[in-house]
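Understanding the architecture of this molecule
Chain residues, written in single-letter form:
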Amino acid sequence: MSDEPKALRGWHYLPALPLRAAPLFRWPFKPVEALKWLIDGWLPISEKLVLVAIAFATLAWVQPPLEVTATLSPDWIIGIWLRNMVLMIAVAGGLHLYFYRWRKQGDELKFDARPLKTRGSQFKFGDQVKDNIFWTLASGVSIWTGYEVLMFWAMSNGWLPMLKWAENPILFVALFLLLPLWESFYFYWIHRLLHWPPLYKRIHILHHRNVNIGPWSGMSMHPLEHLLYFGTVLIHWVVPAHPVHIINHLQYYALTAATSHTGFDALQVKGRPRLHLGNFHHQMHHRYFECNYGSPAVPLDNIFGSFHDGTVEANERMAERRERMMV
Ligand SMILES: [Zn+2]
Ligand SMILES: [Zn+2]
């Protein structure tokens, strides 16, 4: 734990605090800082860049052509379901083995040193990880696949506006860069909705069984939450996209749910952080509930007063907010 007298208590590792909104939306606007943030967020290596590469590889090697997806048939639908299953197990399962089973990084850069719960009657099979695996694979991968099937079927039949590289290369690249910003915006709003008490009690509480989180926590959601969550891709009924953007859009939502819930700030290579993974912003949401519904990329939490920057002062403000709500 940090020796700083004002450090937030109860955390094992804290990133540089206070957390700040992305410079893209900070005032006064500093273009150089914003450009540096954008470049640092992608290069030299980032999960975003890896995901774009995975989307292109998927399109090249394991995507049925549009002539095939024009007709709904179990042959190709099962293929897409299987490939999503493999991706989800590889990413969430791989991170879980690396960080939690084999403990390759020990507790270094781990926000919360407590182990995941192996016992608890609130969990299916009485175990946090097994419960999470069940909801992720049974519901998450199936609904992700359902949206993918819907989008390709619609695209093949000419019902979606199609974007081609040759016609608009700038928009083609820009869509990859805009996706994380859209994700931050969209996720904030559906997440706020899910914290509306009637929906929270019936739906979102399932995700919040994870007070301390691991890679399998990210996609552990009620099926109705999966429906809302992956509904993000429906934007391409309006915003033109190429098949690779559709693949990337859904893979991004599915797989960064696993990486962002890793519980570790970064993957270390030879003792140095090399690949940023978890995010303390959302980790605090799991422990404190009434804060950080979105992410720092689009600072809606700052605008609507729910931002927790990881400092003791922010904690006190949150406690006051809670008290006001109780009155
Ligand atoms: Zn929540
Ligand atoms: Zn979460």
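Basis of the calculations
Residues numbered from 1 in each chain as written. Chains lettered and ligands numbered in written order. Predicted model: local features only at pLDDT ≥ 70, side-chain atom pairs only at ≥ 80, totals over all residues. Heavy atoms only, no water. Helix = DSSP H or I, 4+ residues; strand = E, 2+ residues; numbered from the N terminus. Rg over C-alpha atoms; globule rule 2.2 N^0.38 Å. Buried < 20%, exposed > 50% of the residue type's maximum accessible area, 1.4 Å probe, protein only. Contact = heavy atoms within 4.5 Å. Axes fitted to C-alpha atoms, helices over the stretch in contact; angles between N-to-C directions. Parallel < 35°, antiparallel > 145°, perpendicular 65-115°, else oblique. Pairing = 2+ DSSP bridges. Patch = residues over 30% accessible without salt bridge, like charges linked within 9 Å, V, L, I, M, F, W, Y side chains within 5 Å. Areas by Shrake-Rupley, 256 points an atom, 1.4 Å probe, with all protein chains shown as cover. Salt bridge = Lys/Arg side-chain N within 4 Å of Asp/Glu carboxyl O. Lys, Arg positive; Asp, Glu negative; His and termini not counted. Charge placed at Lys NZ, Arg CZ, Asp CG, Glu CD. Polar contact = N/O pair within 3.5 Å; in protein donor to acceptor, adjacent residues only side chain to side chain. Phe/Tyr/Trp six-rings, centres within 6.5 Å; stacked < 30°, edge-to-face > 60°. Lys NZ or Arg CZ within 6 Å of the ring centre and 35° of its normal. Donors = N, O, S within 2.8 Å, 3.2 Å for Na, K, Ca; no water. Tetrahedral: all angles 85-135°; square planar, octahedral: opposite > 155°, others 65-115°. Core = buried A, V, L, I, M, F, W, Y, C linked by side-chain atoms within 4.5 Å.

Within the protein chain, the secondary structure is distributed over 12 helices and 2 strands. When the helices and strands of the protein chain are read in sequence order from the N terminus, they spell out α-α-α-α-α-α-α-α-α-β-β-α-α-α. Rg of the C-alpha trace for the protein chain: 20 Å, near the compact-globule value of 20 Å for 327 residues, within the 12% margin. Overall, the C-alpha framework of the protein chain stretches about 65 × 50 × 50 Å when taken along its three principal axes. When the 327 residues of the protein chain are sorted by exposure, 51% land in the buried category. The contacts in the protein chain between residues at least 6 apart in sequence include a share of 72% that link residues at least 24 apart.

Each pair of packed helices can be described by the angle between their axes along with the distance between the axes. Orientation of helix H5 (residues 128-156) relative to helix H9 (residues 243-260), taken along the N-to-C sense of each, is 170°, at an axis distance of 11 Å. By the angle between their axes, H5 is roughly antiparallel relative to H9. Of the residues in H9, those touching H5 at Trp144, Tyr147, Glu148, Met151, Phe152 and Met155 are Pro243, Ile246, Ile247, Leu250, Gln251, Ala254 and Leu255.

A word on the pairing of strand E2 (residues 272-276). If a strand is regular, its side chains alternate between the two faces of the sheet. The pairing of strand E1 (residues 266-269) with E2 spans 4 bridges and is antiparallel. The partner of Val269 across the bridge, within E2, is Arg272. What sits between E1 and E2 in their antiparallel hairpin is a turn of 2 residues, with Lys270 showing a positive phi close to 50°.

Together, Glu313, Glu316, Glu320 and Glu323 give the surface a local cluster of negative charge. One can find Glu313 in helix H12 (residues 312-326). By relative accessible area, which is 36% here, Glu313 ends up partly exposed.

By the secondary structure assignment, His208 is in the loop between helix H7 (197-202) and helix H8 (223-230). A relative accessible area of 4% places His208 in the buried class. In terms of polar contacts, His208 uses its side chain to reach the side chain of His195, at 3.2 Å.

This part covers the pattern of salt bridges. The full count for this structure, using the stated rule, is 7 salt bridges. Put simply, Arg26 and Glu33 hold a salt bridge, and the shortest N to O gap is 2.8 Å. When its relative accessible area of 32% is taken as the criterion, Glu33 is described as partly exposed. Asp131 is the salt-bridge partner of Arg209, the closest N and O atoms lying 2.7 Å from each other. Of this pair, Arg209 sits in the loop between H7 and H8 while Asp131 sits in helix H5; the two residues are 78 residues apart in sequence, bridging distant segments of the chain. Among the ionic contacts, a cluster of salt bridges with common partners joins Asp112, Arg114 and Arg287.

Further remarks concern the side chain of His281. For His281, the location among the structural elements is in helix H10 (residues 280-288). Polar side-chain contacts of His281 include one of 3.3 Å to the backbone oxygen of Gly294. What His281 contacts, discounting residues up to four positions off in sequence, is Leu19, Asn292, Gly294, Ser295, Pro296, Asp301 and Phe307.

Scanning the model with the defined rule gives 25 aromatic pairs in all. Ring centres of Phe125 and Phe134 lie 6.0 Å apart, and the angle between their planes is 80°; on these two criteria the pair is classed as edge-to-face. Site record: aromatic cluster; members linked through ring pairs are Trp144, Trp182, Phe185, Tyr186, Phe187, Tyr188, Trp189, Tyr229, Phe230, Tyr252, Tyr253 and Phe304. Positioned above the aromatic ring of Trp11 is the side chain of Arg287, whose terminal nitrogen or guanidinium carbon lies 3.7 Å from the ring centre.

So, on to a nonpolar patch on the surface. Residues Leu150, Trp159, Leu234, Trp237 and Val238 make up a contiguous nonpolar surface patch of roughly 480 Å² in combined accessible area. You can see Trp237 is positioned in the loop between H8 and H9.

Note on metal sites: the ideal angle is 109.5 degrees for four tetrahedral donors, and 90 or 180 degrees for six octahedral donors. Taken together, the protein donors to the zinc ion (ligand 2) comprise His207 (NE2), His261 (NE2), His282 (NE2) and His286 (NE2), at separations of 2.0 to 2.1 Å. Its 4 donor atoms give the zinc ion (ligand 2) angles of 94 to 151° at the centre, a pattern that matches the irregular case. The sequence pattern formed by the donor residues of the zinc ion (ligand 2) is H-x53-H-x20-H-x3-H. Remark: His261 occurs in the loop between H9 and E1 and His207 occurs in the loop between H7 and H8; sequence separation between them is 54 residues. In this structure His207 comes out as buried when scored by relative accessible area, which is 4%.

Turning next to the nonpolar core. Membership of the largest hydrophobic core comes to 52 residues, with the highest contact counts inside it found for Met88, Trp144, Tyr229, Phe230, Ile246 and Leu255. Looking at this core, the elements that each hand over two or more residues are helix H2 (47-61), helix H4 (74-101), H5, helix H6 (169-194), H8 and H9. The next biggest cluster of nonpolar side chains, apart from the first, holds 13 residues, and it includes Leu19, Phe111, Phe280 and Cys291.

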